[in-house]
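Each chain, letter by letter, is given below.
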Amino acid sequence: MQGKGVIKFFAIVLAVVCLYQLSFTWVTHKVESDAKAYAKGNAEKERAYLDSISTQPVYPVFGHTYQYCVDNALALGLDLKGGMNVTMQISLRELVTELSNKNKDVVFNQALANAQARTVTEQKDYITLFVDEYQKLNPNGKLATIFANNNNQDKLKFNSSNSEVEAYLKDQANTAVQQSYTVLQKRIDQFGVTQPNIQLQKSTNRILIELPGVKEPERVRKLLSGTAKLEFYQTFDNSEIYGLLNNVNGILAANAKNKTAPKEDTTKAAKADTAKVAANANKKDSASSLLSKIKTGAAKDSAGVNNKSQLAAQNPLFAVLTPMVYQGQDGSPQLAPGPMVGSAEQKDTAKVDAYLRSADVKAVLPQNLKLLWSVKPEKGTKRFTLFAIKLSGAENGAVLNGDVITDARSDVDQLKGGFEVTMYMNSQGAQKWKNVTAEASAGGGKKAIAIVLDDNVYSAPNVQNEITGGVSSISGGNFTQEDTKDLANVLKAGRLLAPARIIGEAVVGPSLGQEAISAGLLSCILGLVVILIFMIAYYNRAGTVAVVAVLVNVFFLMGVLVSIRAVLTLPGIAGIILILGVAVDANVLVYERVREELNAGKSLRIAIADGFKHALPSILDANISTFLTGVILFVFGSGPIQGFATTLMIGIITTLFCSLLISRLIFEYMLEKGWDIKFSRPWSSHTFKNANYKFVKNRYKFYAFSGLFIAAGLISMFTRGFNYGVDFGGGRTYVVKFAPSVTTEQVHDAVDATLGRGTEVKTYGSDKISITTNYLINDNAESADAKVEAALIKALSANPATKITADNILSHQKVEATVANEVKSSAKWTIIIAIIVISAYILIRFRRWQFSLGAMVATAHDSLLVLSFFSLFKDVLPFSLDIDQAFIAALLTVIGYSINDTVVVFDRIREFLHNEKNPDQGEVINHAINNTLSRTIITALTVVLILVVLFAFGGDVIRGFSFALLIGVLFGTYSSICVASPVIVDFGDKKLK
């Protein structure tokens, strides 16, 4: 074996990297275990503990902080961790309406309504549909007369064509989507969620948001659905505010002291302390002396345990809010200029807000003062900055609102270098901005103007001079290009014309998430154990090599998943289990080849070398075809399907490395040591040896069976249909916990009268039932979710046996029909594209259309068999057979597996045809099928064993998914033997080789 040194070096490096990447998960788990032990069940105490050490080094040797370890640990999806998944769509109908200045034209508004109706059934974007509808209703109409105005004359003329107007509307739609994405991304940061995920789908104008671990769904809905509010404020200088904060600090200290004083002395003490505070509030050395006290207390804290609490008692505010100061030339602390008055750790911002909201404090603060936090922490920390905002006018508001901004973009500062934002205002805004900037720059003061969105300060640039014309440049010494892009989007968000609306959501309770984790891990472990036992039992000592290769493969796979920040979901766990089967298949191919070489009389060393050599084409073709399936899943899938595809693709790569290289290295080592290597046991050495089943001769019987089953399935599909999951059918699904004695019939009887006969009720484990309903599905009011949930609880509570409360609802999911129709269309095209791509690959590899046709027939055959089964038996089996996104992932995996199996047979057919001078195609193909039968059955048996474990122990969440895989593998094995290869006979010719 050549290049052993290089392979060893690469394997060692990869092992070290994977070990390092996985170590973050272990360290994070240890810290969180310590937090649980410390909190003893108190969630607030546990959260406070983790917050307190978020910036502390916890990683041995390298000293990484806890937050760094969390960010680099294995990320769990919603189905494992619990949390909330939200799909938001930008309302382009409202955007078009606003861009037309709410035009009252009857034809225009009818076109809007017609386009909205078509979005439910068609995949074209809304702007294209609107223009199409308008031209149908008014063939000679000019859209420019509706949309062109003085504010957009640089982009649209009054004589512009309808196609030019369409391009303008699409550009505005893309801008609106990007603005909403930026605003939502910033809002999500306020939840403090670990590893949130937000994805922008420009083609559908949708934003997908995942918030693992979030426990406040109502707050999420309210914050994400809120209208963006951009404002410009004047600011106070730090020197104007510090005395007030010092005063507040004294009042808080006095109040804390008064709580411990005797009741009769409270009023007297309060007056005395308040007087003392007022007297000392404006002393010149107050900042210096106070900061010195804080520093001294912090320095002595290591020597005295009570120093920190003593300091907090004396200075409650400044114990959590550090004044904004710098070191002067004489070494003493000085107040920093500007509107920034202090900073605090993220965990302390709520306490600072509580202090500032107290009645005693509000009484001493000016009514035109508003203290707001920065939108993001200081670089490399979790400290947020507090800004002093000056309220203006009779209503104590902003000096300017964001709706005057017409455009903003990220630019490069041509004079100073670096990045800046150029902001454009309309004529009304330009005049106000001139007055505001003139006042801010008067007397050379160069005061700052704060840019505030949703009560968070995004930037507070100093005004150098009066700005006229409505065009301004905002620059910062540390602006990155990303910073300026974000700020530009924030500025444009001030005139958001298209609101984002929640059209789909899923809430997974933490208890359900924990069950999913336990079930998934159990199925993984049991699946691995089943494989290991089987390989050792069947292949003797060679089986132990496969065991080592599989274990190393899992280790590398998990390390790579963590390193690329992949999110692990339940379908991802299923993908890992399937990869175990793929890894075993590669070893089986090699071992079966080695056994053939040994039977041919070759020595052990030569047999092993030739076994790897001759198995290589089959292994590569089989795994590449499966990898292509993963690529298609990743490109066209979303959410859990993408997680499954990511695991599948990475697993294919690590499997090839371990099965072809690591296994070979181990065998080389064993040969050098002179070990006796056996590839079978006495009972397994002759399995399927000299098999001569008449597969080709009996092909018409197989065609008849498949044809009848598919025909029955097609009739069932068109008459009975499928049980569509919520993401295909639209509606709301609730997972409800009941007493184990409650039956689905009792739940059906309870809810049918209220929610309708179309409600689906299914078992979901021993004590849970899934209830899917389209009740009020078209009600878009904010209260609709609450109405449906209340109706469900009321309906169930009418019967004492099914009575529940809101706490019994473990999770719920909502998907509108527009999402469902798109998912169905996407799934259909994904399957078609998968079949075409894989068939094209077979054509390229085997250079004969007969092989490609056989592969296409096999994949279409398998897909139809699985679909037929799910339709024919949808109400027969004791568990649900839902058609949903997970089912599509399973179906595509079946296609990949079937091609994997088929390609192995095709490779042997090609080999036999090449070696025979005058081959009889039927005999050669039949011989090839029989010759690979041992490998086909052993691989299928291994995968089936894994899937049986997954089905039995993987939990209710993926039971339908695992069952689809299970029957798919059985059908795939059947088709590769009985359908795909025989097709070549019927369409082949003598030149086939």
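Residues numbered from 1 in each chain as written. Predicted model: local features only at pLDDT ≥ 70, side-chain atom pairs only at ≥ 80, totals over all residues. Heavy atoms only, no water.

To continue, consider a nonpolar patch on the surface. Together, L521, I525, V529 and I533 make up a nonpolar patch on the protein surface, roughly 380 Å² of accessible area in all. Within the secondary structure, V529 is located in helix α19 (residues 510-563). For V529, a relative accessible area of 38% translates into the label partly exposed. (Patch = residues over 30% accessible without salt bridge, like charges linked within 9 Å, V, L, I, M, F, W, Y side chains within 5 Å. Areas by Shrake-Rupley, 256 points an atom, 1.4 Å probe, with all protein chains shown as cover. Salt bridge = Lys/Arg side-chain N within 4 Å of Asp/Glu carboxyl O. Helix = DSSP H or I, 4+ residues; strand = E, 2+ residues; numbered from the N terminus. Buried < 20%, exposed > 50% of the residue type's maximum accessible area, 1.4 Å probe, protein only.)

For any two helices packed against each other, one specifies the crossing angle of their axes together with the interaxial distance. At a minimum axis distance of 9 Å, the contact between helix α31 (residues 933-953) and helix α32 (residues 959-987) shows a crossing angle of 170°. Classified by the angle their axes make, α31 and α32 are roughly antiparallel. Contact with α31, carried on its side by L933, T936, A940, V943, V944, L947, V948, L950, F951 and A952, involves R959, S962, F963, L965, L966, V969, L970, T973, S976 and I977 of α32 and no other residues of that element. (Axes fitted to C-alpha atoms, helices over the stretch in contact; angles between N-to-C directions. Parallel < 35°, antiparallel > 145°, perpendicular 65-115°, else oblique. Contact = heavy atoms within 4.5 Å.)

Turning to unusual backbone geometry, a few remarks are in order. Here K102, not a glycine, exhibits a phi torsion of approximately 55°, which is positive. By the secondary structure assignment, K102 is in the loop between α5 (92-99) and α6 (106-118). For K102, a relative accessible area of 49% translates into the label partly exposed. Look at R565: it is not a glycine, yet its phi comes out positive at around 60°. Mapped onto the elements, R565 comes out in the loop between α19 and β19 (567-568). Of the residues examined, R565 reaches a relative accessible area of 38% and is grouped as partly exposed.

A separate point is the environment of F738. Topologically, F738 is positioned in the loop between β21 (731-737) and α25 (744-755). Sequence spacing of F738 and I804 is 66 residues, and the spatial spacing of their C-alpha atoms is 7.6 Å. Non-local contacts of F738, meaning those with residues more than four positions away in its chain, are made with V747, D767, I769, L796, T802 and I804.

Bringing the packing of α5 against helix α7 (residues 126-137) into the picture now. Running from N to C, α5 and α7 cross one another at 55°; their axes reach a closest spacing of 10 Å. Judged by the angle between their axes, α5 and α7 are oblique. As for the relative orientation of α5 and α7, their crossing is right-handed in sense. Only Y126, I127 and F130 of α7 make contact with α5, whose side of the interface consists of L92, R93 and V96. Within the contact of α5 with α7, the residues separate by chemical class into five nonpolar, no polar and one charged. (Left-handed = near helix turned anticlockwise from the far one by under 90°. Nonpolar A, V, L, I, M, F, W, Y, C, P; charged D, E, K, R; others polar.)

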